[in-house]
Amino acid sequence: MSDKPKFAMYWAASCGGCEISVLNIAEKILDVDANFEPVFWPVAMDAKYKDVEAMEDGSILLTLWNGGIRNDENEHIAHLLRKKSKILVAFGSCATEGCIPGLANLSPVEEIFATAYHTISTDNPQGIHPQPTFEVPEGTLTIPTLKPVLKTLAQVVDVDYYMPGCPPEPHQIAAVIDLVIQVLQGKAQLPPKGAYIGCGNSTVCDECPRARNVKHITAFRRIQEVAPLDPEICILEQGVPCNGPATRSGCNARCPRVGAQCIGCYGPAEGVLDYGARLITAFASVVDAKEPEEIEAILDGIPDPTGQFYRFNLADSLLRASTAAWKKNGH
Amino acid sequence: MSENTPKQDKPKVGVYVCHCGSNIAGMVDVEAVRDWAREHLAEDGVVISRDYKFMCSSLGQELIEKDIKELGLERVVVAACSPHLHEKTFRTASERAGLNPYLTELVSIREQVSWVHTDKAIATEKSKALLAGTVHRVAYNTELEPLKVPINPNTLVVGGGIAGIQAALEIANAGFHVYLVEREPSIGGHMAQFDKTFPTLDCSACILTPRMVEAGTHPNITLLTWSEVMSVSGYVGNFNVTIKKRARYVNEELCTGCGICVEKCPQKVIDDVYEAGLGYRKVIYTPFAQAVPKYPVLDRPNCTYFKNGKCKACEKFCPTNAIDFTQEDEYLNVEVGNIILATGYDLFDARKVTNYGYGRLPNVFTSLEFERLSNAAGPTGGEITLRDGKTKPQTVGIIHCVGSRDKNFNNYCSSICCMQSLKFAHLVKERTGADVYEFYIDMRTPMKAYDEFYQRVLDEGTLFVRGKVAEVTNAAHGPHEKGKLIIQVEDTLVGKQRRIPVDMVILSVGMEPRHDAKQTGQLFGISCSSDGWYIERHPKLDPVTTMTEGILIAGCASGPKDIPASVAQGAAAAARVLDKILQKEVELEPIRATVNEEKCSGCRICNNLCPFNAISFIDDLAVTRINPALCQGCGTCVAACPAGAISGTGFSNEQIFAQIDGLLMGV
Amino acid sequence: MSESFEPVIVGFTCNWCSYRAADAAGTARVKYAPNVRLIRLMCSGRLDPTFVMKALAGGADGVLITGCHPGDCHYIDQNYKALRRFLLLRRTLKGFGIEPERIKLVWASAAEGMKLANEINTFVDEVRKLGPLNWPKWDSNGHAALQPRSEQVMEVTA
């Protein structure tokens, strides 16, 4: 048993990209190993929930939580790890704001099942549907049940820090690891509780090299309709809906640099209550028309505004889910 | 009333619910609201909750002042009438007690509740909700100080008609400098075109020209005629204006105004500005004999020399070599503290009323054309004649309200046309002895000596027919109508249709805003009403200032009015400007937006949202900045910033979010 | 016994036109439905879509946005900016299952007290027919942006 501070990383409703991103810090992973003792990290080591339950409360110094809270297992482990951890970090867009799994908040649970298990591309000739409990000779088997809506980590437990990004960029992860190591060595202080770390203090435009002018949009277009994009000029100015202006900086404008519009995976800027609202107001501000019919014609260029503005942030928005998701099932 | 301890970090709030006699108390249970606030808003900071019959009275205000001093109140919320009435009252009271005035809010439970709802229980519940909204909001109010900016003592007056001249003279006489810009070659405006003025029948030019001369020679007035304002930037106290002084092709240093050039110019054109199209002028011309300044102007598009290189008669005969064909437009930059717009009016185009035949029937005249006929210096030497310039009319019909008070054209009344029409009737009778008919809807003669003038014209034998003229036609219905203009009208007092044959018809056309008023307004950052007149700050109590600090309006630019009213407004605008100049500083309301430059990413999405040009992009820092003196506090950029980098005092996000929470308490 | 549903509506007015219209309605003692609770902004251009969402998520059944007539805006043309935001907001809310008829944009000048009162009555009727929205009051811990930020930093012992 080492006396290095304990470290945990868990994945809930997520894709695994955050774990890959951690690996992408390359040699820095050796610093992690040098300074921490991983005690619970399902992707990297074998451990059981009962091992975690046996730990002392607060004995895990740092837990990185990746993934949204989609089912009752996720919820249970969130409460468990909160109890056992001193510092709990919502790691990545799924944990901080719901991310892509959060888009399921636009549908009721029945519809999610119907799509997963019964659509034409599913090979399920007997129409088998998962059951929460199943009797076998050995006893009763249970599997987690879906909650009516996906929640972010903070909507379920008290969170200490947030690291946005889908995934958080490796250079940001490396920077946070460095900070924590410095704190351990007494050379630095942790930021105030509740802070966003591993990210910038502005929005993607701050890091974007493209030239910016005053924008007058007469049409919104899909990127393939505009191709080739002018590499020097702001993407939004060229009529392609780029979420950069409302998205927190930190990724170094990764996507605009290679000619793709920002889709907003780093979430809202500091202090913003509803990410989508900022995009609604930003896009509306650059529409170059005064008459309602002209404005509507330009807005037709964004056929799915809910998806465009809330792709990553739906579960953490003010409204959180559509009426379809909560109306019948309660919440 | 009672005291409570608020939640940890909420400032201490005092709540005051006003009865307003029975205005509020008659429909809202004010005691219940008071008690409810004390109980349910205690955790939002309420430490005292009172009610009183008339909060705006000195006793009511003293309640607030006393509580601020004795209880250490940090916020005050009064639930009473509209903030537009008494916000200042309660803010001043708080200030007297040592509390920053912007920490006091007034929420209306009178105009918005007791006066408009009928169920006491519901009205009381709504009052609680509105009060809760404001109590939640006020916790996020911050101490604000009005912004003070210095005032440049120079003034720009745009428009050299009687209102502009009056304003310029008042300021100049007080010892301060004025730039008077006029786009015609001479100052004087429409008044210079009139013959006589009502009701005194003073000769217009005789009362106007002394003022014009005074303005033209005043050491404190820089007269810029044949000039236009091209751009305005800056803010109250510190405007920077670019003025284009068009080329006259006459060197003002050398010109003596002798007029030989005008005499010798071989080229005549129709004068459709000053003479209303009834007479000619030369290509190099002064618009009228008493023009100020006296320097003529060369009408380049019509000049033979500029068209095909020949002539130059003016240059040949000028005794002082003042003609300069190489002269160019000059651009001047002036810095002023205040701007008065006295840009006047245009006339309604009578051609639009096709049934009156103006432009088709030769002897239908507009009021301005008639003024020129009647004027001794006009194209007919003051003889009132038909279009042929010779024949005197024997019967004249004067039609009121042409283009005014008319759903098809302009809804409003043009104010002066009744008096003007009476004046015409008098002049026609005096000069020609003709029979005169006046066709009116109402007789509007309200001001001093106006109704007496109406009586006089009645006594002189003018005939009045109450009815809106349906048609002016030359289609005769019989030999007695041949060669005449027939006025078809319902005489409503008699209840009969009438056809009245006349020789001459005068249309009292309405006033309209200048046809480029909207663009001019945008240049200065002021707006026009739906009729196109410039909007004053308050229609009853503040007629010469606009919603834009530092830009004032005077005369017909803000709506039809007569000469005394225009003069009064010119003087009023001057007084307001002098008031500012003498204070040396102006205080601006501290409701403004600021950009947090660290958060700003330089996306520039806000950059074209400000009509006051307060937003600018700082290239080398790649951030946007807002000029607090130019910012008018609308909050549009605050709402637009996708990074949440712009905050606005007085109506911040925190304040409004809190207000929404409070309004929905218990829902 | 079921009570008939009375909608709660949050209204946004602009200081120069529509708020004064509300005052004018009050001064003229025009009676209208009590369901609208007004917030005064300086200009309809201040309307942030966040306000509308907060109101709906907070229990309002509808939101009324009012401002000066196009061309009459006290700040020249900021009401056009409000219009554009309103149109895009309404489309986005549709994706959340919120009927577009629950938010309405109305122009009223300072003199149009009667008109504003009528518009309020009409809108209240329209929302009443749609029924309550009853947006869930999601349990707290809540929103990441609203998490308390304590100045105290967390002490870490190795």
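Residues numbered from 1 in each chain as written. Chains lettered and ligands numbered in written order. Predicted model: local features only at pLDDT ≥ 70, side-chain atom pairs only at ≥ 80, totals over all residues. Heavy atoms only, no water.

**Considering the overall build of chain B**
A tally of regular secondary structure across chain B gives 17 helices and 34 strands. Counting across all 667 residues of chain B, residues that qualify as buried make up 58%. In chain B, the 70 positive side-chain charges and the 79 negative ones have mean positions that sit 5 Å from each other. (Helix = DSSP H or I, 4+ residues; strand = E, 2+ residues; numbered from the N terminus. Buried < 20%, exposed > 50% of the residue type's maximum accessible area, 1.4 Å probe, protein only. Lys, Arg positive; Asp, Glu negative; His and termini not counted. Charge placed at Lys NZ, Arg CZ, Asp CG, Glu CD.)

**Thoughts on the domain arrangement of chain B**
According to the domain assignment, chain B contains domain 1 (13–146), domain 2 (155–246 + 331–344 + 528–584), domain 3 (260–317), domain 4 (346–512) and domain 5 (593–648). Its C-alpha centre places domain 4 of chain B at a distance of 56 Å from the equivalent point of domain 5 of chain B. (Domains from an automatic or database assignment.)

**A closer look at the confidence of the model for chain C**
Scored by pLDDT, chain C has a mean of 88; 85% of the residues are at 70 or more. Overall fold confidence for the complex sits at a pTM of 0.81, while the interface term, ipTM, reaches 0.94. (pLDDT = per-residue confidence, 0-100.)

**Points about helix H2 (residues 28–35) of chain A**
Structurally, the α-helix is built with 3.6 residues per turn, so residues lying three or four positions apart point the same way. Those residues of H2 of chain A that fall on the buried side of the exposure criterion are Lys28, Val32 and Asn35 of chain A. Relative to the axis of H2 of chain A, the buried residues are bounded by an arc of 85 degrees and lie together on one face. (Arc of directions from axis to C-beta.)

**Some thoughts on the interface of chain C and chain B**
Across the boundary between the two partners, chain C contributes 49 residues, which contact 48 residues of chain B. Where chain C abuts chain B, roughly 4200 Å² becomes buried across the two surfaces, and 60% of that area is made up of carbon and sulfur atoms. On inspection of chain C and its partner chain B, the count reaches two salt bridges. Its salt-bridge partner being Lys54 of chain C, residue Asp661 of chain B comes within 2.8 Å of it at the nearest N-O pair. Applying the counting criterion to the chain C and chain B interface returns 18 residue pairs in polar contact (both at pLDDT 80 or more). The dominant element in the side of chain C that touches chain B, judged by the number of residues it contributes, is helix H1 (residues 18–27) of chain C, at seven residues. Grouping the amino acids of the side of chain C that touches chain B by side-chain chemistry returns 24 nonpolar, 10 polar and 15 charged. (Contact = heavy atoms within 4.5 Å. Buried area = accessible area lost by both parts, 1.4 Å probe. Salt bridge = Lys/Arg side-chain N within 4 Å of Asp/Glu carboxyl O. Polar contact = N/O pair within 3.5 Å; in protein donor to acceptor, adjacent residues only side chain to side chain. Nonpolar A, V, L, I, M, F, W, Y, C, P; charged D, E, K, R; others polar.)

**As for the sheet that holds strand E1 (residues 6–11) of chain A**
All names here are of chain A. Reading across from one edge, E2-E1-E3-E5-E9 is the order of the five strands in this open sheet, with parallel pairing throughout. Of all strands in the sheet, those with a lone pairing partner are strand E2 (37–40) and strand E9 (161–163), marking the two edges. Between one strand and the next, the sheet's axes are offset by a mean angle of 30 degrees, whatever the strand orientation. The sheet contacts of helix H4 (residues 72–84) involve E1, E2, strand E3 (60–66) and strand E5 (85–91), and relative to E5 the element is tilted by about 135 degrees. (Pairing = 2+ DSSP bridges. Axes fitted to C-alpha atoms, helices over the stretch in contact; angles between N-to-C directions.)

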